Amino acid sequence: HEIGSRYLTVQMAKMDSELLQTQEKINPDEVPSDCMTAFVKNLPYDITEQEVGDKFRSCGKIKGIRFVYNSATKHFKGFCYVDFKEHKSLLKALELNGKELKGRRMKIDFDIKGPKAGYKYNNEKVTEKYNKEHLTMLNKKRKNK
């Protein structure tokens, strides 16, 4: 079909089984032995940290979960990082790639970089005491520049 000066092609969507077959499985030998962080994307925007924790708890002990928010709107971006206490827990988590969570298929990879220096935590979940100390530290760093 032509719309204005552009062409539009309509095709049937791939079925979930076709998508799962095309998803790459991560070779455990490719994961560095000191890596313990899973990068989880394609999460529903209304999911909670508790629900993510419940899904990954069977993999092993979780050190922390970091949700990523838009700094301007404070809305969840649909992905997070799950930090495990052991490497073997991460390997189990990678096996959940393509599994469903609240109606969406998760895409899971490993992350070796760690949180960025400018990473912003969701302040609603952090105690006021921590925020005051953190802000004081940031103000001192700014003054020293």
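In this text the structure is predicted, and so the values were computed from the model without any measurement. (Residues numbered from 1 in each chain as written. Predicted model: local features only at pLDDT ≥ 70, side-chain atom pairs only at ≥ 80, totals over all residues. Heavy atoms only, no water.)

S.K.: Can you walk me through the environment of D83 in this structure?
M.R.: One can find D83 in strand 5 (residues 76–84). For D83, a relative accessible area of 15% puts it in the buried group. C-alpha of D83 to C-alpha of K63: the two residues are 20 residues apart in sequence and 5.3 Å apart in space. Residues within four places of D83 in sequence aside, it is in contact with M36, T37, I62, K63, G64 and R66. One polar contact links D83 to T37, side chain to side chain, over a distance of 2.7 Å. (Helix = DSSP H or I, 4+ residues; strand = E, 2+ residues; numbered from the N terminus. Buried < 20%, exposed > 50% of the residue type's maximum accessible area, 1.4 Å probe, protein only. Contact = heavy atoms within 4.5 Å. Polar contact = N/O pair within 3.5 Å; in protein donor to acceptor, adjacent residues only side chain to side chain.)

S.K.: Would you take a moment to explain the pairing of strand 3 (residues 37–41) for this structure?
M.R.: One face of the sheet, then the other: side chains in a regular strand alternate in exactly this way. Pairing between strand 3 and strand 5: five bridges, direction antiparallel. By the bridge assignment, A38 is partnered in strand 5 with V82. Inspection of the sheet shows strand 3 paired to strand 8 (residues 107–111) by five bridges, in the antiparallel sense. The residue of strand 8 that forms the bridge with A38 is F110. (Pairing = 2+ DSSP bridges.)

S.K.: Help me understand the pattern of salt bridges in this model?
M.R.: Pairing of side chains with opposite charge becomes possible as their charged atoms draw close. All told, the structure shown has five salt bridges when counted by the stated rule. The salt bridge partner of D46 is K102, with a shortest N-O separation of 3.5 Å. Taken together, the positions of D46 in the loop between strand 3 and helix 2 (49–56) and K102 in the loop between strand 6 (100–101) and strand 7 (104–105) put the pair 56 residues apart, joining distant regions of the chain. Here D46 falls in the exposed class, since its relative accessible area comes to 54%. The class for K102 is partly exposed, based on a relative accessible area of 40%. (Salt bridge = Lys/Arg side-chain N within 4 Å of Asp/Glu carboxyl O.)

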